[in-house]
Amino acid sequence: IPTLRNSGNLYRVMAAEDGTVVNVSGTTNFSRTLNAGGFVDFQEAGAINIESTKPILVAEFLLGADCNGNPSNGIGDPSFFLLNEVSQTQDTVTIYSSNLQEISENYLNILFRTGDEVGILLDGAPITDPLENVPGGEYSFYRVRVNTGNHTVTSGGCGVIVTGCGYGEFDR
């Protein structure tokens, strides 16, 4: 899921075994065959679907303010996530959004199986932010700005995967 504030993120896909075929679809579409420890890096602004024939590790890198397409406002967060495989969902996820270290904006990315959006709640309430789709249509997501504090996402369906990030003016 692309972060809401950045104009694009960097991704790295690494293979665990020789002969791993990796297919990426979105606005970027490609297929690569990788050997154990081999990787491919790419930048993407939109949602992507990554599939492989063997186990892979996927990292999403958030660019700092000077590189994320928003340098004039001086807000960014150079950091990264190791992304979960879509079968690793949870019925309930609680995450803390901080205002420490000059963090001024907090966001949650919430991934779930398409059709489950009716049962997804954030802090006990339905999510009103725009629903977006992952290429292929099997999964959908919300990108939600939240206030500082604890936030709980619950699913009445097949579960969710939640990532959070905070942006501040000194994260360049």
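The text that follows walks through the structure, step by step, so that each part is easy to find. (Residues numbered from 1 in each chain as written. Predicted model: local features only at pLDDT ≥ 70, side-chain atom pairs only at ≥ 80, totals over all residues. Heavy atoms only, no water.)

Quick look at the sheet that holds strand S15 (residues 160-168)
Working definition: the strands of a sheet are paired by backbone hydrogen bonds and lie parallel or antiparallel to each other.
Phase 1: Read across the open sheet, the 4 strands follow the order S12-S13-S9-S15; overall the sheet is antiparallel. Edge positions in the open sheet fall to strand S12 (132-133) and S15, since each of these has one partner strand only.
Phase 2: Note: S12 against strand S13 (residues 139-146), 2 bridges, orientation antiparallel. Counterpart to Glu-132 in the pairing with S13 is Phe-141. (Pairing = 2+ DSSP bridges. Helix = DSSP H or I, 4+ residues; strand = E, 2+ residues; numbered from the N terminus.)

Notes on the nonpolar core
Phase 1: Residues Leu-108, Ile-110, Val-153 and Val-160 are the most contacted members of the largest nonpolar core, which totals 14 residues.
Phase 2: Those elements giving two or more residues to this core turn out to be strand S8 (92-97), strand S9 (103-113), strand S10 (120-122), S13 and S15.
Phase 3: If near-sequence neighbours (up to four positions away) are discounted, Ile-110 is found in contact with Ile-1, Ile-120, Ile-127, Ser-140, Phe-141, Tyr-142, Val-144, Val-153, Val-160, Ile-161 and Val-162.
Phase 4: Ala-15, Val-24, Phe-30 and Ile-48 belong to the second-largest nonpolar core, a separate cluster that totals 11 residues. (Core = buried A, V, L, I, M, F, W, Y, C linked by side-chain atoms within 4.5 Å. Buried < 20%, exposed > 50% of the residue type's maximum accessible area, 1.4 Å probe, protein only. Contact = heavy atoms within 4.5 Å.)

Digging into the environment of Thr-163
Phase 1: Relative to the elements of secondary structure, Thr-163 occurs in strand S15.
Phase 2: The spatial distance from the C-alpha of Thr-163 to the C-alpha of Val-93 is 9.6 Å, given a sequence separation of 70 residues.
Phase 3: Each residue touching Thr-163, except ones within four places of it in the same chain, is listed here: Phe-81, Ile-95, Tyr-107, Leu-108 and Asn-109.

A look at a nonpolar patch on the surface
Phase 1: Together, Leu-57, Phe-80 and Leu-82 make up a nonpolar patch on the protein surface, roughly 300 Å² of accessible area in all.
Phase 2: Among the structural elements, Phe-80 can be located in strand S7 (residues 79-82). (Patch = residues over 30% accessible without salt bridge, like charges linked within 9 Å, V, L, I, M, F, W, Y side chains within 5 Å. Areas by Shrake-Rupley, 256 points an atom, 1.4 Å probe, with all protein chains shown as cover. Salt bridge = Lys/Arg side-chain N within 4 Å of Asp/Glu carboxyl O.)

Comments concerning the sheet that holds strand S3 (residues 30-34)
Phase 1: With antiparallel pairing, the 3 strands of this open sheet are ordered in space as S3-S2-S5. Looking at strand neighbours, the two that pair on one side only are S3 and strand S5 (49-52), the edges of this open sheet. In this sheet, adjacent strand axes meet at a mean angle of 20 degrees when their direction is disregarded.
Phase 2: Where strand S2 (residues 20-25) lies against S5, 4 bridges are found, and the strand directions are antiparallel. Bridge pairing links Ser-25 to Asn-49 in S5. (Axes fitted to C-alpha atoms, helices over the stretch in contact; angles between N-to-C directions.)

Some details on the layout of surface pockets
Phase 1: Here the largest pocket is characterised by a volume of approximately 820 Å³.
Phase 2: As for the largest pocket, its lining consists of 28 residues, and the residues nearest its centre are Ile-50, Leu-83, Asn-84, Glu-85 and Val-86.
Phase 3: Those elements that provide at least two residues to the lining of the largest pocket are S5, strand S6 (56-62), S9 and S15.
Phase 4: Looking at side-chain class alone, the lining of the largest pocket contains 15 nonpolar, 8 polar and 5 charged residues. (1 Å grid on protein atoms, 1.4 Å probe; cavity = no way out; pocket = protein on both sides within 12 Å on 5 of 7 lines; lining within 4 Å. Points joined across faces, edges and corners; volume = space filled by probe spheres on them. Nonpolar A, V, L, I, M, F, W, Y, C, P; charged D, E, K, R; others polar.)

What about the packing of aromatic side chains?
Phase 1: The final tally for this structure, using the stated rule, is 5 aromatic pairs.
Phase 2: Aromatic pair Tyr-11 and Phe-42: ring centres 5.4 Å apart, planes at 15 degrees, arrangement stacked. A residue pair is termed long-range when its members are at least 10 positions apart, and Tyr-11 in strand S1 (residues 9-15) and Phe-42 in strand S4 (residues 39-44) qualify at 31 residues. Grouping residues by exposure puts Tyr-11 and Phe-42 together as buried.
Phase 3: On the basis of an interplanar angle of 80 degrees and a centroid distance of 5.1 Å, the ring pair of Phe-30 and Phe-42 is categorised as edge-to-face. Of this pair, Phe-30 sits in strand S3 while Phe-42 sits in strand S4, and the two are 12 residues apart along the sequence. (Phe/Tyr/Trp six-rings, centres within 6.5 Å; stacked < 30°, edge-to-face > 60°.)

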